[in-house]
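One letter stands for each residue in the lines below.
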Amino acid sequence: MSKAISQVPIAINEPVRTYEPGSPEVKNLISTYQKMWNEKVEIPMIIGGKEVKSDEKVRLESPQDHQHDLGFFYRGNASHIDQAIEAALAAKPKWNALGWEQRISIFLKAADLIAGPYRDRINAATMIGQSKNVHQAEIDSACELIDFLRFNAEFMTEMYSEQPVSDNGIWNRVEYRPLEGFCFALTPFNFTAIAGNLPSCMAMLGNVVVWKASDKQIYAASVIMEVFKEAGLPDGVINLVFSPGKETADKVLTHPDFAGLHFTGSTAVFQSMWKKIGENIHNYKSYPRIVGETGGKDFVIAHTSADVDAVATALVRGAFEYQGQKCSAASRAYIPQSLWAKVKEALAAQLRTVKVGTPEDPSNFVNAVIDKASFEKCKGYIDRANASSDAKVIFGGKCDGSKGWFVEPTIIETTNPKYESMVEEIFGPILTIYVYEDEKWTETLKLVDTTSPYSLTGSVFARDRYVIDEAFKALENASGNFYINDKPTGAVVGQQPFGGGRASGTNDKAGSKMNLLRWVSVRSIKETFVSPKDYKYPYLG
């Protein structure tokens, strides 16, 4: 056991590489991309530290070229979920008994591996499997995942050091125990960093995990497990399965040792899982922790005092980076009538320079949406807008699925503030704009607050400080992350804790100590140095 009160290295956000044209860093990354693109991969599940295969092989596709053969992964079934749970529970006693310094060293080493020898590999896997350009891959699969690992280590030690006061003759302290049982991480396709953080932050605190990655993120997920293994993660602490979602949930959420759910995905899936947990509450040894970050219908509202070019840039970046496939993406905007002509002109000028294509060409700002279902969904919104009497496509609108799932950055203008694409989450490169009358600023704030069931991110653009304060107060519950004169995307670990309420989730703030508190069970200890020897208190005489 440790005989010291250790301090972890101070966490600093990982510098983002710029990948300027012709630079060695972009040449190395594209070279790695091309090498991995031409390989045929075979990706097994990892259960109890062992590679596990099945009889069912599933073809891996790349969104930018769905005809290209990347290889395959092995589909799991109910028996593999049972194996993963058993492996996690078998690993638990030894992992729980390991000193926190030893646990944390594994994940700090993983961060350094990603920052160094694995950086190009994890970025390239994300570019190939999830169609992210060099910049989006860098800020996600490299920098944000590194930040999660390093900052969570620091947050953990801060949490452990928070102790109660003690009275004379008494020593009070608290112990931050891992949860009793196993935890379940269900991760999305759109962020490799989220896929790495959800299981690892729970494991860092001494928990054991069954992790189901999205089918669309399996390539990068397999690289994450490579990193964890090289960093020294013991067998069975994190078990990666590729079983169907419903079958996995049915097994995991009915198990008596189920202790916690860490989820990022759709609102409908999260609500169905919460319902199943409720139906099985009498079966569990303890009340499970439920943490979820789900959808968003994120807004930008501009005041008449706003800077036109700043608004236009925020909309282009906020709506179209990573094809709008961020739960924080700007997908509805409210522009005052007096600024609309200038904002529209500025948007047009910027969008004319935007290139769409494969991530292999670093000059492409927009790449492919994740799959055919997403492509068809986006195309449906565009087709209905073209046929609508209260909406019209003013920029973009072209779709080409012949080789990859490419949807042009699209802006819809509507005269109906409750038009479908102002209300519903699309998760694609489609922004809808409602132009409001200047004098209806206050009424429009109410509209922003009540239009969507979500409450994840939002932005206000204004120079007038009284106006900013009014929006800040009126939109108090409209977003968990609120931005002033900036796009509503790009939360940085340790700087802007991320999460929202309402239909957007439990607001447990990834990238902060608040989230880690959910994965421990606190035991209070009171030690009395000299125990009383008589039951009588002074008032008894």
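What counts as what
- Residues numbered from 1 in each chain as written.
- Predicted model: local features only at pLDDT ≥ 70, side-chain atom pairs only at ≥ 80, totals over all residues.
- Heavy atoms only, no water.
- Domains from an automatic or database assignment.
- Contact = heavy atoms within 4.5 Å.
- Buried area = accessible area lost by both parts, 1.4 Å probe.
- Salt bridge = Lys/Arg side-chain N within 4 Å of Asp/Glu carboxyl O.
- Polar contact = N/O pair within 3.5 Å; in protein donor to acceptor, adjacent residues only side chain to side chain.
- Nonpolar A, V, L, I, M, F, W, Y, C, P; charged D, E, K, R; others polar.
- Pairing = 2+ DSSP bridges.
- Helix = DSSP H or I, 4+ residues; strand = E, 2+ residues; numbered from the N terminus.
- Axes fitted to C-alpha atoms, helices over the stretch in contact; angles between N-to-C directions.
- UniProt positions renumbered as here; feature names shortened; annotations may be inferred.
- Core = buried A, V, L, I, M, F, W, Y, C linked by side-chain atoms within 4.5 Å.
- Buried < 20%, exposed > 50% of the residue type's maximum accessible area, 1.4 Å probe, protein only.
- Expected span 1.5 Å × (residues − 1).
- Parallel < 35°, antiparallel > 145°, perpendicular 65-115°, else oblique.
- Left-handed = near helix turned anticlockwise from the far one by under 90°.
- Bend = angle between axes of the 7 residues up to and from the residue.

For the protein chain, the assigned domains are domain 1 (44-53 + 72-122 + 146-294 + 505-525) and domain 2 (298-484). A C-alpha centroid distance of 34 Å is found between domain 1 and domain 2. Facing the 8 residues of domain 1 at the interface are 11 residues of domain 2. In terms of surface lost to domain 2, no three residues of domain 1 exceed Phe-189, Asn-190 and Lys-216, which account for 50% of the buried area on that side. Between Asp-371 and Lys-216 there is a salt bridge whose closest N-O contact spans 3.9 Å. The tally of links between domain 1 and domain 2 comes to 3 residue pairs in polar contact (both at pLDDT 80 or more). Residues of the side of domain 1 that touches domain 2, tallied by class, amount to 2 nonpolar, 3 polar and 3 charged.

We now examine the sheet that holds strand S1 (residues 41-43). Judged by pairing direction, the sheet is mixed, and its 3 strands sit side by side in the order S1-S5-S4 without closing on themselves. Two strands lie at the open edges of the sheet, namely S1 and strand S4 (57-60), each paired on one side alone. Ignoring which end each strand starts from, the neighbouring axes of this sheet average 25° apart. Pairing of S4 with strand S5 (residues 71-74) involves 4 bridges; the strand directions are antiparallel.

A few words on the sheet that holds strand S17 (residues 410-414). Here 7 strands make up an open sheet; going across it, the order is S14-S17-S18-S13-S12-S20-S21 and the pairing mixed. Since the sheet does not close on itself, it has two edges, and those belong to strand S14 (391-395) and strand S21 (481-484), each with one partner. Between one strand and the next, the sheet's axes are offset by a mean angle of 20°, whatever the strand orientation. In this sheet, strand S13 (residues 330-336) lies alongside strand S12 (residues 298-302) in parallel orientation, the contact comprising 4 bridges. Residue pairing across strands places Val-300 opposite Ala-333, the latter belonging to S13. Packed onto the sheet, helix H11 (residues 337-351) meets S13, S14, S17 and strand S18 (430-436) and runs at close to 135° relative to S13.

UniProt records the feature "domain: Aldehyde dehydrogenase" (unreviewed entry) for residues 55-523 in the present numbering. The span residues 55-523 carries 42% helix and 20% strand; its end-to-end C-alpha distance comes to 45 Å.

For the rest of this paragraph, the subject is the nonpolar core. Formed by 109 residues in total, the largest nonpolar core has its most connected members in Phe-107, Trp-211, Ile-238, Phe-258 and Leu-261. The element contributing the most residues to this core is helix H5 (residues 134-161), with 12 residues. In this structure Phe-258 touches Phe-182, Phe-184, Val-252, Leu-253, Ile-277, Tyr-284 and Pro-288, once residues within four positions along its chain are discounted. Grouped together as the second largest cluster of nonpolar side chains are 30 residues, Val-407, Tyr-434, Tyr-436 and Val-460 included.

With that settled, the discussion passes to helix H4 (residues 119-130). The end-to-end C-alpha distance of H4, which contains 12 residues, comes to 16 Å, matching closely the 16 Å that a straight helix rising 1.5 Å per residue would cover. Counting buried residues along H4, 11 of its 12 residues qualify, which places the element largely inside the surrounding structure. Inspection of H4 places Arg-119, Asp-120, Ile-122, Asn-123, Ala-124, Ala-125, Thr-126, Met-127, Ile-128, Gly-129 and Gln-130 among the buried residues, and these make up the whole buried set. Where H4 is buried, its residues touch helix H1 (24-37), helix H3 (100-115), H5, helix H6 (192-204) and helix H7 (218-231).

Once that is clear, we can look at the environment of Ser-504. Its place among the elements puts Ser-504 in the loop between strand S22 (501-502) and helix H16 (513-516). Residue classification places Ser-504 among the buried positions, given a relative accessible area of 0%. Separated by 24 residues in sequence, Ser-504 and Gly-480 place their C-alpha atoms 8.8 Å apart. Those residues within four positions of Ser-504 in sequence are excluded, and the remaining contacts are Gly-292, Glu-293, Thr-294, Gly-295, Gly-296, Tyr-454, Ser-455 and Leu-456. At 2.9 Å, the side chain of Ser-504 and the backbone nitrogen of Ser-455 are in polar contact.

When two helices pack together, their arrangement is given by the angle between the helix axes and the distance between those axes. Interaxial distance between H4 and H5 falls to 9 Å at its minimum, and their mutual angle equals 125°. Taken together, the axes of H4 and H5 lie oblique to each other. Considering how the two elements wind past one another, H4 and H5 form a crossing that is right-handed. In this structure, H4 uses Arg-119, Ile-122, Asn-123, Thr-126 and Met-127 to contact H5, whose residues at the interface are Val-134, Ala-137, Glu-138, Asp-140, Ser-141, Ala-142, Cys-143, Leu-145 and Ile-146. Across the contact of H4 with H5, the residue classes tally to 8 nonpolar, 3 polar and 3 charged.

Moving on to H5. With 28 residues, H5 extends 39 Å from end C-alpha to end C-alpha; this agrees with the ideal 40 Å at 1.5 Å per step. Bending of H5 peaks at approximately 30° at the position of Cys-143. Within H5, 24 of the 28 residues are buried, which leaves it mostly tucked inside the rest of the structure. You can read the cap of H5 off the contacts: a side-chain oxygen lies 3.2 Å from the backbone nitrogen of His-135, and it is on Asn-133.

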